[in-house]
2 protein chains.
Amino acid sequence: MPGETQGRLTIQDIARLAGVSKATVSRVLNRNPSVDPLLAERVTKVVQEHNFVPNITATVLAGGRTQLIGVLAPPLNWPAMPEIMRGVAEYLEGSPYEIVLYCIGSQRNHADVLNRILAMRMISGLLAIFPGGLASQLATHFQQGLPLVMIDDQEEPDGMPWVGIDNPTSAYEATRHLLACGHTRIAHIQGPTNYHCTLERYQGYCRALREAGIEPDPDLLLQGNFEQSGGRHCASVLFARDRERWPSAIFIGNDEMAYGFLEVAQELGVRIPEDIAVVGFDDYVISAHTTPPLTTVRQPFSNIGRTAIELLLTMIDRMNEKQPPKDGRQTAGGVPTQDFVVDPPCIQLATTLVQRASSRLVLPAARNQPGSNL
Amino acid sequence: MPGETQGRLTIQDIARLAGVSKATVSRVLNRNPSVDPLLAERVTKVVQEHNFVPNITATVLAGGRTQLIGVLAPPLNWPAMPEIMRGVAEYLEGSPYEIVLYCIGSQRNHADVLNRILAMRMISGLLAIFPGGLASQLATHFQQGLPLVMIDDQEEPDGMPWVGIDNPTSAYEATRHLLACGHTRIAHIQGPTNYHCTLERYQGYCRALREAGIEPDPDLLLQGNFEQSGGRHCASVLFARDRERWPSAIFIGNDEMAYGFLEVAQELGVRIPEDIAVVGFDDYVISAHTTPPLTTVRQPFSNIGRTAIELLLTMIDRMNEKQPPKDGRQTAGGVPTQDFVVDPPCIQLATTLVQRASSRLVLPAARNQPGSNL
DNA sequence: TTGTATGCGTTATCAA
DNA sequence: TTGATAACGCATACAA
């Protein structure tokens, strides 16, 4: 049975067992075409029989390539993370690569973590997810030759490969949906203005309104924080106004704030969507379970993860092709992934508007038919 | 500014810059007390100035210790995973260790992945989360000296350190709660019977009933699958019976199945908790948002993760103390973590019953007071 | 096509 | 207390 498991063996042992030199074993392991097919087969057989796996540290030290992808991530209980990581992990399962996960919470100095990661020289590439203030540092590393892809919605993608969504269009579609439901007084709760996506979503919202001949009303623009508390606060402010100043619909910058908004509405007895229709943004898992279920823009999180990692692996491969392996690590001022550096790809994935009860078109006559689907 | 970042430097460079030998630098880095304090300070200064971080691969190869903890995990979008990983990551943030994450989905051969992980000899310890069929293999590795902790609810903890909850007691409390609400016909939907936790929860349920003088009714025991579909199925079966054969309450083996159950109840117009009170198990995030919100047993997932990783680090430390470093990696038949091997600790954390609307005690007179909190 | 020899960056042994 | 040096396991330039 090939269940030896103990990786005690070295390439030397395999060489002895197969009656060849270490160099040949190494060549076989690295699929070097210069080795005789029959010999290769013999060696391969020994390798498999003994379940041999090269010592990765020795491999790297000797100038080989790691099969390790670094993932710099926020805490995994951020609502978008599980799905993103699912996409990443599923794609990686079909490859020889493994994940080295660096979760950065609040405690430690993020820049230090990043430096440690890179200085350890253990990873072949880095996937940076919502890196916050690290963006510019990351860009520098990328320019210096580190294969890197960023998933982010805070900084404007600039100077490095990026995967995300088309925020303006997504927000445009969300607002169009409310317009199509017959609403004309549509409010908006935006996120923190230092988030690039906040501005983009606001742009999309404005464009939809203007196309419908409606000038965005500053009175209907509320400032949130992308957290539930912000949604609650804005709801309180809004519902404290005279009823005639209420909007008939609201597009909320993210689902988290929408949850807070719905809570307050329920507490105050404001009916959703009869009194005010609500559309969110993100489609986190809870959104299908709120009361009422939330109409929202679905971000394709797992696909974002998949796409990002796919791009990263492509970059790594490209780099390996161009650079003679041994130099790959010595790349002083070298610029691997040349073309990527010159024009870093920005991949925007499509979102989907998921229509649920919070924005159902309510015809006056239909109010007593809870079962109606429109 | 100490923002050099580029880890090009080697210990040799630092040695030259500090005017000492590599050996001394190495000693300083490893806090070897035999080095002169003043000299140490001088070296430390150079290290910091240049932001030097040792090449981890060289360190390991030379017999040093890795600061890498392997985490063998199911897909991160499994509902319990984000919280478990939060606990793990938060604890690790305060340590010098990093996570190497191995997500095992359906695609690849799990045993192979495990072998590769260990053969790479890169990790100092392994945290195995819901390892499924790998339990026995893991036990073997643990017996052979691998610091290892398992978080699991499928296999009976045996032969290796384990962190989880007290299922019988938790189920007992859940059932007691329903009894306290005045119910006497209490059904149970159990999970797959090849899960150890399924049997344990059933035991707790039975004990509570018997203590109340009620003999568990086989007619009220339904077979689920721990998935939503199972909850739906059981609900359909139950509600298809004559009304007088319905239970007045049900304890469902996990929240996932409870979601399916609630869905069917809503579709059929069965009132929760008036017609039937529901208690689940797990307290996933959605449970607070179902209609009605679900009473359930909260598993302290993040604490489970924290506790497990804490135990693992303790084991690693213990091993490092006992074994002269250089041998640590050569440990042929050696048995590090001796005491742990002899009697692997099983840590059971307490659960909490979270009371929500799905099991509210409904007094006949209170039916028209939706706001009542009991 | 294959084998020999060297070096990767660190730790640890042995002398000094 | 410090320095020189031999591993560690692998990849590769070079020689055969």
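Conventions and cut-offs
- Per-chain numbering applies: the sequence of each chain, read as written, is numbered from 1 onward.
- Chains carry letters and ligands carry numbers; both start at the beginning, A for chains and 1 for ligands, and go up in the order they are written.
- Where totals are concerned, whole chains, interfaces and linings use all residues; where local detail is concerned, this predicted model gives features only for residues with pLDDT of at least 70, and gives and counts side-chain atom pairs only at 80 or more.
- Side-chain measures were taken over the full set of non-hydrogen atoms in the model, leaving aside hydrogen atoms and water.
- In this comparison the copies share one frame, found by least squares on the C-alpha atoms of residues holding pLDDT of at least 70 in both.
- Pairs of residues are marked as contacts when any of their non-hydrogen atoms sit within 4.5 Å.
- Each residue is placed in one exposure class: buried if its accessible area under a 1.4 Å probe, protein chains only, is under 20% of its type's maximum, exposed if it is over 50%, and partly exposed if it falls in between.
- For helices the rule is a DSSP run of H or I covering at least 4 residues; for strands it is a run of E covering at least 2, with both sets numbered from the N terminus onward.
- For two strands to be treated as a pair, DSSP must find no fewer than two bridges joining them.
- Handedness of a crossover is defined as follows: orient the strands so they point away from the viewer, and if the path from the first strand over the helix to the second runs clockwise, the crossover is right-handed.
- Reported buried area values correspond to the accessible surface (1.4 Å probe) lost by two parts on association, with both partners' losses combined.
- Counting of polar contacts relies on pairs of N or O atoms within 3.5 Å, with two restrictions inside protein: one atom must be capable of donating a hydrogen and the other of accepting it, and residues adjacent in sequence are counted only when both atoms are side-chain atoms.
- Three categories are distinguished: nonpolar for Ala, Val, Leu, Ile, Met, Phe, Trp, Tyr, Cys and Pro, charged for Asp, Glu, Lys and Arg, and polar for the others, with Gly belonging to the last.
- UniProt positions are given in the numbering used here, feature names are shortened, and annotations may be inferred rather than shown by experiment.
- For helices, the axis comes from a line fit to the C-alpha atoms of the stretch in contact; other axes are also lines fit to C-alpha atoms, and the angle between any two N-to-C directions lies between 0 and 180 degrees.

J.: Honestly, the relation of the copies chain A and chain B in this entry has me stumped. Any pointers?
T.: Each of the two chain copies can be brought onto the other by rotation about an axis and movement along it. Here chain A sits on chain B after a turn of 180° about the axis and a move of 0.0 Å along it, with an RMSD of 0.2 Å. Look at the turn and shift together and you get a two-fold axis relating the two. A high fraction, 100%, of the interface residues of chain A reappear at the interface in chain B, so the copies pair face to face through one surface.

J.: It is not clear to me how the pairing of strand β1 (residues 68-73) of chain A should be interpreted in this structure. Could you clarify?
T.: Looking down a regular strand, the side chains alternate between one sheet face and the other. Residues and elements named next belong to chain A. The buried count for β1 comes to 6 of 6 residues, which makes it a mostly enclosed element. Residues Leu 68, Gly 70 and Leu 72 of β1 are buried on one face, and the alternating residues Ile 69, Val 71 and Ala 73, pointing to the opposite face, are buried as well. Here β1 pairs with strand β2 (residues 98-103) via 6 bridges, running parallel. When the bridges of β2 are listed, Ala 73 appears paired with Cys 103. As a crossover connection, the stretch from β1 through helix α5 (residues 81-93) into β2 is right-handed. Two strands pair when backbone bridges link them, and β1 and strand β3 (residues 125-129) are joined in this way by 4 bridges, in the parallel orientation. Bridging across to β3, Val 71 finds its partner in Leu 127.

J.: Where do I start with the pairing of β3 of chain A in this structure?
T.: All names here are of chain A. When you tally the buried positions in β3, you get 5 out of 5 residues, the bulk of the element. Going residue by residue along β3, you find Gly 125, Leu 127 and Ile 129 tucked away on one face and Leu 126 and Ala 128 tucked away on the opposite face as well. Across 4 bridges, the pairing between β3 and strand β4 (residues 148-151) is parallel. Looking at the pairing, Leu 126 lines up with Leu 148 of β4. Regarding topology, helix α7 (residues 135-143) serves as the crossover connection from β3 to the parallel β4, and that connection is right-handed.

J.: Just checking my understanding: could you explain the interface of chain A and chain B for this structure?
T.: Facing 54 residues of chain A, the contacting portion of chain B comprises 54 residues. Broken down residue by residue, the surface that chain A buries against chain B is led by Glu 93, Glu 98 and His 289 of chain A, which jointly contribute 14%. Linking chain A to chain B there are 4 residue pairs in polar contact (both at pLDDT 80 or more). Ranked by residues supplied to the side of chain A that touches chain B, first place goes to α5 of chain A with 8 residues. Classifying every residue of the side of chain A that touches chain B gives 26 nonpolar, 18 polar and 10 charged. As judged from the 3 bridges shared by β2 of chain A and strand β2 (residues 98-103) of chain B, these two strands associate in the antiparallel manner. Pairing of Leu 101 of chain A across the sheet is with Ile 99 of chain B, part of β2 of chain B.

J.: Just checking my understanding: could you explain the UniProt feature "domain: HTH lacI-type" (unreviewed entry) in chain A for this structure?
T.: The sites that carry the UniProt feature "domain: HTH lacI-type" (unreviewed entry) are, in the present numbering, residues 9-63 of chain A. As annotated, residues 9-63 of chain A has a helix share of 64% and a strand share of 0%, and its two end C-alpha atoms lie 20 Å apart.

J.: So what exactly am I meant to see when it comes to the sheet that holds strand β11 (residues 346-349) of chain A here?
T.: Strand pairs in the sheet, formed through backbone hydrogen bonds, run parallel or antiparallel to each other. Reading across from one edge, β11(A)-β5(A)-β4(A)-β3(A)-β1(A)-β2(A)-β2(B)-β1(B)-β3(B)-β4(B)-β5(B)-β11(B) is the order of the 12 strands in this open sheet, with mixed pairing throughout. In the strand order of this sheet, the two ends are held by β11 of chain A together with β11 (346-349) of chain B, each with one partner. Here the average twist between neighbouring strands, direction ignored, is 20°. With 4 bridges connecting them, strand β5 (residues 162-165) of chain B and β11 of chain B associate as parallel partners. In the strand pairing of β11 of chain B, Ile 165 of chain B is matched with Leu 349 of chain B.

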